[in-house]
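# Secondary and tertiary structure notes
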Amino acid sequence: MTEASLPTIDLRRDPAGQLPAVDRALRTAGFLLVGGHGVDPALPAAIRESARTFFRLPEDVKRRYAVKVGGRGWLGPGAEANGYAEGTATPPDLKESLSFAAEEPTGNAAVDAEWFLPNTWPAEVPELRPLVEEYLGLMRELSDHVLDLLGLALGEPADFFTRHTGHPTFGFNINWYPGRERTGEPEPGQFRIGPHTDFGTVTLLDRQAGRGGLQLYTDSGGWQDAPHDPEAFTVNIGDLMAGWTGGRWRSGRHRVLPPPADAPAEELMSLVYFYECDPGTTINGIESHAYLRAQLDAITAG
């Protein structure tokens, strides 16, 4: 499988000379790499270590934190089938997740009850909470920085998108992709995450390289392995962002391959930050959060 070609945007540099590469990448793939972000790699490493302790707990312990897709807690094996978001009937995804989301209330009771609820923190790994909360603060700042860059790349003012992120929703998944000793033999058409596009504005991914790793889709190259740069975040745009640009940019279609037969013990963990906009934001006639809720419901397995 060939590797896709994506530009690496350096946030430490003047953005002007990098804007054509941003525009080109988002038109053709919906993906790019972002370096110069200033996030200490020790932080995601510590989150992975703590989360791995949780994921290796007995299932009856983890089940105390079980939630449905869109909730705050543990998504166990079989909870999601992301392929359903694009109408593809696939077996459930071969992963487990710890999910967190925005929790600072807006003061609107109806909005808060759906989108700004308290997070659930596993008592068995108390060190996880401060690590994740620090990471979430950094991701919020970095996401706005990226959105300012995207505004300029679209030929608009820098705040074209961030004027709608005063009190946004977001989601954060720690995705654990265990080896075949836990998942068993993948069924036909079964993936660690099935083919789909993300639903919102922009996704920031801290990922590990692996043979059963991330692939992205382009019209010219079909499915290709995503390039990996340990010093950069993999960034992709979602459906709402594609709609916001009137279809100029494409929502990045992607999947995560199943545990490979020739490396059955491969274990990967991804930190996935889904950044959205303020509730009530209407994008080309679509109420953003009604769309997000419908898509979350669509990928709920079972």
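First, a word on scope: everything that follows refers to the structure included in this document. Remember, it's a predicted structure, so these values are computed and weren't measured experimentally.

## Overview of the overall build of the protein
- Helix and strand counts for the protein stand at eight helices and 14 strands.
- The C-alpha atoms of the protein give a radius of gyration of 18 Å, which matches the 19 Å a tight globule of 302 residues would have.
- Its C-alpha atoms give the protein principal-axis dimensions of about 50 × 50 × 40 Å.
- Sorting the 302 residues of the protein into buried and exposed places 55% on the buried side.
- A fraction of 77% describes how many contacts in the protein between residues 6 or more apart in sequence connect residues 24 or more apart.
- For the protein, the accessible area works out to roughly 12600 Å², and carbon and sulfur atoms hold 52% of it.

## Considering the nonpolar core
- By size, the foremost hydrophobic cluster in this structure holds 65 residues, and its most contacted members are Ile47, Phe55, Val132, Leu150, Phe172 and Ile174.
- Looking at which element gives the most residues to this core, the answer is helix H5 (residues 128-153), with twelve residues.
- Apart from the residues within four sequence positions on either side, Val132 is in contact with Ile47, Phe100, Trp121, Phe172 and Ile174.
- By size, the runner-up hydrophobic cluster in this structure holds 13 residues, among which are Ala29, Phe31, Leu205 and Leu268.

## A word on unusual backbone geometry
- The backbone phi angle of Asn284 is positive, close to 50 degrees, even though this residue is not glycine.
- Inspection of the secondary structure puts Asn284 in the loop between strand E13 (282-283) and strand E14 (286-287).

## With respect to the packing of helix H1 (residues 19-28) against H5
- At a closest axis distance of 9 Å, the pairing of H1 and H5 adopts a crossing angle of 90 degrees. Judged by the angle between their axes, H1 and H5 are roughly perpendicular. From H1, Leu19, Val22, Asp23 and Leu26 reach across to H5, where they touch Leu149, Leu150, Leu152 and Ala153.
- The class makeup of the residues in the contact of H1 with H5 is seven nonpolar, no polar and one charged.

## With respect to helix H8 (residues 288-298)
- Within the span of H8, buried status applies to Ser288, His289, Leu292, Gln295 and Leu296. Axial view of H8: buried residues confined to an arc of 120 degrees, hence all on one face.
- On the buried face of H8, the contacting elements are helix H4 (109-115), helix H7 (239-244), E13 and E14.
- Put simply, Glu287 is the residue that caps the front of H8, since its side-chain oxygen is 3.0 Å from the backbone nitrogen of His289.

## A word on the sheet that holds strand E5 (residues 170-177)
- Overall, mixed pairing links the eight strands, which are arranged E1-E2-E10-E7-E12-E5-E4-E3 in an open sheet. Where the open sheet ends on each side, the last strands, each with one partner, are strand E1 (8-10) and strand E3 (73-75). Along the sheet, successive strands turn relative to each other by an average axial angle of 25 degrees, direction set aside.
- Packing against the sheet, H1 makes contact with E1, strand E2 (31-35) and strand E10 (233-237), and its axis sits at approximately 145 degrees to E2.

## What to know about the sheet that holds strand E11 (residues 253-256)
- The sheet built from four strands is open, its strands ordered E6-E11-E8-E9 with antiparallel pairing. The open sheet has two edge strands, strand E6 (193-197) and strand E9 (222-225), and neither has a second partner. Each adjacent strand pair in this sheet contributes to an overall mean axis angle of 25 degrees, direction not counted.
- Summarising the sheet, E6 and E11 pair through three bridges and their orientation is antiparallel. The residue bridging Thr197 from the neighbouring strand is Arg253, located in E11.

## With respect to the packing of aromatic side chains
- The final tally for this structure, using the stated rule, is eleven aromatic pairs.
- A ring pair is formed by Tyr273 and Tyr275, whose centres lie 5.9 Å apart and whose planes are at 20 degrees; its orientation type is stacked.
- Classification of Tyr275 as buried rests on a relative accessible area of 0%.
- Taken together, the ring pairs connect Phe54, Phe55, Tyr65 and Trp176 into an aromatic cluster.
- Here Arg253 stacks its cationic end above the ring of Tyr217, 5.1 Å away from the centre of that ring.

## Re the environment of Leu57
- Position of Leu57 relative to the elements: it lies in the loop between helix H2 (42-55) and helix H3 (59-62).
- For the pair formed by Leu57 and Asp144, sequence separation is 87 residues and the distance between their alpha carbons is 36 Å.
- Setting aside residues up to four positions removed in sequence, Leu57 forms contacts with Lys62 and Glu124.

## Description of the packing of H2 against H5
- Interhelical geometry of H2 versus H5 gives an angle of 140 degrees and a closest axis separation of 10 Å. Taken together, the axis directions place H2 and H5 in an arrangement best described as oblique. Crossing geometry of H2 relative to H5 is assigned as left-handed. Contacts between H2 and H5 involve Leu43, Pro44, Ala46, Ile47, Ser50 and Ala51 from the first element and Leu128, Leu131, Val132, Glu134, Tyr135 and Leu138 from the second.
- Looking at the contact of H2 with H5 residue by residue, the class counts come to ten nonpolar, one polar and one charged.

The rules behind each value
Residues numbered from 1 in each chain as written. Predicted model: local features only at pLDDT ≥ 70, side-chain atom pairs only at ≥ 80, totals over all residues. Heavy atoms only, no water. Helix = DSSP H or I, 4+ residues; strand = E, 2+ residues; numbered from the N terminus. Rg over C-alpha atoms; globule rule 2.2 N^0.38 Å. Buried < 20%, exposed > 50% of the residue type's maximum accessible area, 1.4 Å probe, protein only. Contact = heavy atoms within 4.5 Å. Areas by Shrake-Rupley, 256 points an atom, 1.4 Å probe, with all protein chains shown as cover. Core = buried A, V, L, I, M, F, W, Y, C linked by side-chain atoms within 4.5 Å. Axes fitted to C-alpha atoms, helices over the stretch in contact; angles between N-to-C directions. Parallel < 35°, antiparallel > 145°, perpendicular 65-115°, else oblique. Nonpolar A, V, L, I, M, F, W, Y, C, P; charged D, E, K, R; others polar. Arc of directions from axis to C-beta. Polar contact = N/O pair within 3.5 Å; in protein donor to acceptor, adjacent residues only side chain to side chain. Pairing = 2+ DSSP bridges. Phe/Tyr/Trp six-rings, centres within 6.5 Å; stacked < 30°, edge-to-face > 60°. Lys NZ or Arg CZ within 6 Å of the ring centre and 35° of its normal. Left-handed = near helix turned anticlockwise from the far one by under 90°.

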